[in-house]
Amino acid sequence: MSVNQVGEYSVAELMVTVLASQLHDDEVAIMGTASAIPQAACRLAQLTHAPNFSYIAGGTCSVNPYQQPLVPSACDYRLLRAETAVPLSDVVLMEGRGDVFDIFFAGGIQIDAYGNCNLVAVGSWENPRPRGPGSVGLPFLSRVGRVLIYTMSHNPRTFVERVDFLSGPGFLDGPASWEQAKLMGGGPAMVVTPLCTMTFNPDTLRMKVATVHPGVTAEQVQEATGFQLEVEEPVATTPLPTHQQIEILRAMDPDGLLR
Amino acid sequence: MGASKVVSASDAIANFVPDGAFLTVGGMHLHNNPMALIRETIRQGKRVKTLLTSPCGAMNADLLIGAGLVEEIITSYVGFEHLGLAPNFRRQAEQGGIRIFECDEPYITHGLYAGAGGLPFIPLPKGLEYSDIPKVNTRSYTFVDNPFTGERVLAGAPLMPEVAFIHAQISDAAGNAVLLGAQFLDRLMALASKHVILQVERIVPTSEISEHPMGTTIPAFLVDAVVEVRGGCHPTSSHAFYSYDEEHLREYLNKARDESGVEEYLTQYVHQTTENAYQQSMAERISALSFQEG
C-alpha cells in the first residue's frame, strides 16, 4: 500500500484514524473476517481518546487484544495477547440480545446506496458470478447500535444501487421499508473507503459524500460509485492523522499491514 | 479413567466415518482445521453427503470439495480471509457442482445448540429475517408463531452431524481434550455430533488434564477416537503450537485455480503420500512457524 505523498501516512492508516474518530468511551465494538483495519482503529481509540472503549476481535473473540502485533487473520492465536477472551457462542448470544454492542464493522463484495451489504453472491444466488465467501455474522447488522462500513475497493462493481443478495441489512429499500421493519439497530452510520468518507442523508437514507481524502475530488468519488451520490459543495477534506496517531499505529504494526 | 482410544488416522476414518456421512469439521478460518483427518478421508475416498462448517470454513471444506467428495454444504462462509476466495467452493458454487445450504453464523451456532440439547427447532433473534439467506434456504430456516406473543419469528432446524472432526492441542488417551487457544464452535460441534474423532498435537497423562479439570473443553465420553498427529493442522494453524503456512496456502490457492491444478495438489500432498510422510516433509516448515512464547 503506497504512502500518501502529502504526509507520512498510508491510505489505510488514514482510514484507521477516521474509523477511530467514530468510537467513543464506554462503547463496545465487534468485527469479523480479515479485520486488521477496524482492529487497529479500536486499539488506537483506546490508546488515545477512548480508554474505556472495548472491542471483541473476530472469531478468536479476544477482548481488547493488545495488537502486539496487528495480524491479518481474525482468528489468529496472537489475538489472545489480550485482556481476556470469551467463547464465540457467547458473542453470538450477546449479538442476539442486541443491547450489548454499540458498533459492528461491516463490508461486502457489494455495498448499496442504502448501506445494505452482500457477501454471498453477485448475479443470481443460483448462478453467481462470482460466488462470494458467505455472510458469517452480517445479518446481525439489524440488531447493533450503529454500523461502520469499510472497504478497500471503491469502484462501481462494489458500490451498486441495490445489492444482488442482501446478507447484511442496511436501510433496506429506504425510508418506508426501514420504518416498517422497526429494527433494533440504528443502521449504517458511516462508510470509509480509500477515496472518501460517506454518511447517510437522514431523510432519504441514501449514501452521501461526507469528506474526500486529500488529493481526491468529489467527481472522482462519483465516477467510482455505481449510483448517484449526494454531494454538498464545498466538500470537506478528511482530517489528517496526527503524528501521535501514526506513531501509535506504526508501533502496533511492525509487519506493515497498513502501509 | 477410560480406556485408550488412540488409533491411527486411517483406522479412525475407516471405522468411524460411514460413506455418505453428515460430517462437521472444526476449526475456523485458517486455524485449527483438522487437516490430517481430512487428508485421510480423501485418501479413503469417503463421500460426504453433507458437510457442515463452523461459521467460517477454509481449507477443511475447500480441499474436500476439491476432491469431489462433497454433495452438499451447510455453511456461512468458505474462504481464505486476507489470502482470497476458496477456489474449489467458488468454482463448484458457480458451476452448480455442489448444493449449498446458505446460512449465517447465528443459525449455525443456535442450530448446533439445538442439536446438542435435543430442541426440535430454535427460534432466532428478530432482524435476521431481513437478510435474503432464509429465502434461499428453507431446509434450515422457516417461520413460526411465537406462542407467547403471536409474533411471527424466524426459526432454525437443529444440526445433528453424524461425525465431527475436532482438533485439540492436547488430550489424554481416552479423549479428554483441551483446546489451548480459542475454541471457536468446536465444543458445540462435539456436543451436537453422534461421533467425535479427535485429532491432537500431543497425548498427555490424564493426571496432567485433571490438574485443571475446568480447562477441559471436551470430555472423553463424547470422543470415539483419538489420533495423535503433530502438525496435523498444517497448512492451517494450531493455536498455541504453530501459525498457518501462508506460503503453502498460497501455493494451494494458485494451483486450485483450475481443476487440473487441484488434481496436481491432491496427488502430491494427499494421494501419493501417507500422513506420516506428509508430516516428515513438512516438519521443518512447521517448526519454523512455531509460536515462540516467552
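Everything in this summary refers to the structure shown in the same document. (Residues numbered from 1 in each chain as written. Chains lettered and ligands numbered in written order. Predicted model: local features only at pLDDT ≥ 70, side-chain atom pairs only at ≥ 80, totals over all residues. Heavy atoms only, no water.)

## Overview of the interface of chain B and chain A
(1) Moving on: Between chain B and chain A, the contact holds 43 residues from the first and 43 residues from the second.
(2) Moving on: Inspection of the region where chain B meets chain A yields one salt bridge.
(3) Moving on: Among the salt bridges present, the one from B:E102 reaches A:R131, with a minimum N-O distance of 2.6 Å.
(4) Moving on: A class-by-class count of the residues in the side of chain B that touches chain A yields 23 nonpolar, eleven polar and nine charged. (Contact = heavy atoms within 4.5 Å. Salt bridge = Lys/Arg side-chain N within 4 Å of Asp/Glu carboxyl O. Nonpolar A, V, L, I, M, F, W, Y, C, P; charged D, E, K, R; others polar.)

## Considerations on the packing of aromatic side chains
(1) Moving on: All chains considered together, the criterion is met by eight aromatic pairs over all chains.
(2) Moving on: Their ring planes at 70° and their centres at 4.9 Å tell us that B:Y252 and B:Y265 sit as a pair that is edge-to-face. Of this pair, B:Y252 sits in helix α9 (residues 246-255) while B:Y265 sits in helix α10 (residues 259-271); the two residues are 13 residues apart in sequence, bridging distant segments of the chain.
(3) Moving on: On the basis of relative accessibility, which here comes to 1%, the residue B:Y252 falls in the buried class.
(4) Moving on: Judged by centre distance (6.4 Å) and plane angle (80°), the rings of B:Y269 and B:Y278 are edge-to-face.
(5) Moving on: Given a relative accessible area of 1%, B:Y278 falls into the buried group.
(6) Moving on: Against the face of A:Y114 rests A:R206, its NZ or CZ located 5.6 Å from the ring centre. (Phe/Tyr/Trp six-rings, centres within 6.5 Å; stacked < 30°, edge-to-face > 60°. Helix = DSSP H or I, 4+ residues; strand = E, 2+ residues; numbered from the N terminus. Buried < 20%, exposed > 50% of the residue type's maximum accessible area, 1.4 Å probe, protein only. Lys NZ or Arg CZ within 6 Å of the ring centre and 35° of its normal.)

## Here we look at the sheet that holds strand β11 (residues 159-160) of chain A
All names here are of chain A.
(1) Moving on: Taken in spatial order, the three strands line up as β7-β6-β11 in an open sheet, and their pairing is mixed. Since the sheet does not close on itself, it has two edges, and those belong to β7 (117-118) and β11, each with one partner.
(2) Moving on: The pairing of strand β6 (residues 110-112) with β11 spans two bridges and is parallel. Bridge pairing in β11 places I111 opposite F159. (Pairing = 2+ DSSP bridges.)

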